[in-house]
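# Architecture and fold: a report
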Amino acid sequence: MTTAPWRDPALPAAARVDDLLSRMTLQEKTAQLYGVWVGAATDGDGVAPHQHDMAADHSAEEWDELITHGLGQLTRSFGTAPVDPALGARALARAQRRIAGASRFGIPAVAHEECLAGFTAWQATAYPVPLAWGATFDPPLVEEMARRIGQDLRAAGVHQGLAPVLDVVRDPRWGRVEETIGEDPYLTGTIGTAYVRGLESAGVVATLKHFAGYASSAGARNLAPVRAGVREFADVTLPPFEMALREGGARSVMAAYNETDGVPASADPGLLTELLRSEWGFTGTVVADYFGIGFLQTLHRVAGSPAQAAHVALAAGIDVELPTLKCYGKPLVDAVLAGEVPEELVDRAARRVLLQKCELGLLDEDWTPEPTASHLDLDSPANRALARRVAEESVVLLDNPDGVLPLPPDARVAVVGPRAADALAMLGCYSFPSHVLTHHPEVPMGIEIPTLLEALRTELPDAKVTFAEGCGVADPDTAGFEEAVARASEADVCLAVLGDRAGLFGRGTSGEGCDVTDLRLPGVQAELLDALVATGVPVVLILLTGRPYALGRWEGRLGAVVQAFFPGEEGGPAVTGVLSGRVNPSGRLPVSVPRDPGGQPWTYLQPPLGLAGEVSNLDPTPQYAFGHGRSYTSFTWDDFQGTTPDITTDGTYDLSLTVRNTGARAGADVVQLYLHDPVASVTRPDVRLIGYQRVALEPGESRRLTFHFHPDLSSFTDRSGHRIVEPGALELRVGPSSTDVRHTAHLRLTGPVRELGLDRRMRCEVKVSARR
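Residues numbered from 1 in each chain as written. Predicted model: local features only at pLDDT ≥ 70, side-chain atom pairs only at ≥ 80, totals over all residues. Heavy atoms only, no water.

Moving on, we get to the overall build of the protein chain. Counting its secondary structure elements, the protein chain contains 21 helices and 27 strands. For 772 residues, the compact-globule formula gives about 28 Å, and the C-alpha radius of gyration of the protein chain, at 26 Å, lands near that figure. With respect to the three principal axes, the spread of C-alpha positions in the protein chain is 80 × 70 × 50 Å. Per-residue burial for the protein chain yields a buried fraction of 63% across its 772 residues. Considering only contacts in the protein chain between residues 6 or more positions apart, those separated by 24 or more positions represent 79%. Accessible surface computed for the protein chain: about 27,100 Å², of which carbon and sulfur atoms make up 50%. Between the averaged position of the 68 positive side-chain charges in the protein chain and that of its 98 negative side-chain charges there is a distance of 3 Å. (Helix = DSSP H or I, 4+ residues; strand = E, 2+ residues; numbered from the N terminus. Rg over C-alpha atoms; globule rule 2.2 N^0.38 Å. Buried < 20%, exposed > 50% of the residue type's maximum accessible area, 1.4 Å probe, protein only. Contact = heavy atoms within 4.5 Å. Areas by Shrake-Rupley, 256 points an atom, 1.4 Å probe, with all protein chains shown as cover. Lys, Arg positive; Asp, Glu negative; His and termini not counted. Charge placed at Lys NZ, Arg CZ, Asp CG, Glu CD.)

In structure tokens:
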């Protein structure tokens, strides 16, 4: 028996795929270009708007006919409805056997799932959301988390994960802030790249989203037009994607829903082909965001039919239609046969898809869909321990002026607020319980999620703890205020546990399609907090949110402020560990916390005219700056030294300092390096992060850090659209936040303007000495 060349693993992948394509019909090639969402019911409430308009209800007969040509992807076999993981893995394997057995070539589908805060499956670990990853300032920990998520995905038979989100926050009123890593491109790039490395190391295809500009929507409205300028797009939006591709090795990119200056991302060859492939050298697959190709016809109106939408998207560079076929199926086949769409576009996309399948082993004769284990534990003790570590490192102590925290072990504590006794207060909108189980109220949670109230009683067993909800998350009812005030008045300290309810498309106060007009706390929570503060009892504000909220109203009136961004299933023990002092807080803000609800949109990346000044009566200065966070111990940063201050525009500069824990308990500090460019040919942010290092130290212990600065890190896009390094003065500022400067190094770059290419340095490497 002779094996066809495309089945021969000894041949190069390109040769195998070329041989396979030469044997395929048009229908077989197009079948590789779409997914099918078998579990997407069309007879009830859908996950998203337009789902029922876009998703075909495939009967068993249609499914059997469909897979005779093959199939590109299977959409969310686990993330659509609650299914026992082991049964789900066996069902997925069974579906894959049917797909492979029904077509001439026996090629299985790529199975993809959401994994934004863990594997979005019933009974799977719910990790903290990406905004919490940003708060850790700990890429190795995020990489470890992503690796474990990837291992669970692969064990279940899933090949591709739809994460991470690399959108940089531009307006915190946007509902999807919780899905982002923060408001800084360097933090987003380094943390996001770590996640990509972890996922890819487990053999799972990481999918960067949303490419590109999605978070810059006008008015912070989901899917609203983007009016970002060329330099904002090049210097803020794109760098995290470039880093995750170049350094992380991501093998897929998801085209964004938005339009920028009138051109939808899904119809933009300049973005998806010229930049992504020709300039950056990307060779993987570009997938559509769900229904994004159909939206070219129905929402963007740049196509008059599904066939035209398919043509526009294929020409732009989208290889795979997700989540199910609408445009890349029969409409595309008919258009190609009619001579309206060049078959070469189909071949181009099919080649990319099949090359990726070849990398995954799906073209090999010995491929098997069988799960590796009969029992699939997606919430193992090791997973939970890791989720706890991420949650603990992500909790930010914003303020503790009078030392109210840590709490005495025998304190009388009144716990008040709508987020205190609800397990869902810990979870973001892409966690399985928030995303899917709300449609299945009869199904249990599937994982243990201690509420903050439960966790506090466990954490402080000798404390006298009382509880009153006070109000709901978003409703206007104040009837519960009286009981809440009574409980607070009887206590030594009141914990006000306030925040968001994650949901989708208006079903929550945070999440996809849950945008807000301003940054006031939802509902009447602000009024509840006012009433609690008026009792005179020290109030510790605990925020469980998906975005920052304005806190200037209570400046100087609170005993302490603790911020946690949807910290996951172990968030309750993590936050109460900070309250008790078992955990020394080390999280740092990945987004600024505003002073006034209307002082936004604003992030710390502002040129001079974006800062407070005499030209406007509005002061946008935040109450807590990007990078801010307090600890229960103290640190000194001494022996600050730098090398020669004059370097060429292609030189190097080393900056060193010693960090010492001068307190009585172990803790972690985050040393942050910012760049200030006093004079440039275009306006520049006053400061921007270019390096950081998290350092864990025992009492009295010290470590010496050396930041290796290269002028590439000072580069920006000039007026002609080129990335350059300019000669002239620079300042490197070291501090614990973007506004708190401990040390400054003054440099001068000499020599000519230098234009940069793809080999530019994107990361500031940091050397950490041995413990002393």
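Read on, since the account is not over.
Per the stated rule, a full pass over the model turns up 17 aromatic pairs. Seen from their ring centres, Trp 6 and Phe 105 are 5.7 Å apart, and the 80° between their planes marks the pair as edge-to-face. In this pair, Trp 6 sits in the segment before helix 1 (13–23) while Phe 105 sits in the loop between helix 5 (85–102) and strand 3 (110–114), placing the two residues 99 residues apart along the sequence. We classify Trp 6 as buried; its relative accessible area is 5%. With relative accessibility at 10%, the residue Phe 105 sits in the buried group. Connected via pairs of aromatic rings, a cluster forms that spans Trp 37, Trp 174, Tyr 214, Tyr 257, Tyr 290, Phe 291 and Phe 295. (Phe/Tyr/Trp six-rings, centres within 6.5 Å; stacked < 30°, edge-to-face > 60°.)

Inspection of the secondary structure puts Arg 703 in strand 21 (residues 702–709). Among the polar contacts made by the side chain of Arg 703, one reaches the main-chain carbonyl oxygen of Ser 769 at a distance of 2.7 Å. Among residues more than four places away in sequence, those in contact with Arg 703 are Leu 657, Thr 658, Val 659, Val 695, Leu 697, Val 768, Ser 769, Ala 770 and Arg 771. (Polar contact = N/O pair within 3.5 Å; in protein donor to acceptor, adjacent residues only side chain to side chain.)

Bringing the sheet that holds strand 26 (residues 754–755) into the picture now. The strand order across the open sheet built from 3 strands is 22-23-26, with neighbouring strands paired in antiparallel fashion. Looking at the sheet topology across the chains shown, the edges are occupied by strand 22 (716–717) and strand 26. One ladder, built from 2 bridges, connects strand 22 with strand 23 (residues 723–725); its direction is antiparallel. When the sheet's bridge partners are listed, Phe 716 is paired in strand 23 with Ile 724. (Pairing = 2+ DSSP bridges.)

For the rest of this paragraph, the subject is helix 8 (residues 185–201). End to end, helix 8 covers 24 Å across 17 residues, agreeing with the expected 24 Å (1.5 Å per residue, within 8%). Between a side-chain oxygen at the N-terminus of helix 8 and the backbone nitrogen of Tyr 186 the separation is 2.8 Å; the capping residue is Asp 184. Where helix 8 ends, the next residue or the one after it, Gly 203, has phi of about 85°, a positive value. (Expected span 1.5 Å × (residues − 1).)

Turning our attention to the environment of Gln 641. Mapping Gln 641 onto the fold places it in strand 16 (residues 635–642). A residue is classified by how much of its surface remains accessible, and Gln 641, at 45% relative accessible area, is partly exposed. Taking the C-alpha atoms as reference points, Gln 641 and Arg 557, separated by 84 residues in sequence, lie 40 Å from one another. Those residues in contact with Gln 641 that lie beyond four places of it in its chain are Asp 654, Leu 655, Ser 656 and Arg 704. Separated by 3.1 Å, the side chains of Gln 641 and Asp 639 make a polar contact.

Ordered by their spatial adjacency, 7 strands build an open sheet running 1-2-3-4-5-6-9, and the pairing between neighbours is parallel. Each of the sheet's edge strands pairs with one partner strand only, and the pair in question is strand 1 (35–36) and strand 9 (285–288). One ladder, built from 3 bridges, connects strand 5 (residues 205–211) with strand 6 (residues 252–255); its direction is parallel. Bridge pairing links Thr 207 to Ser 252 in strand 6.

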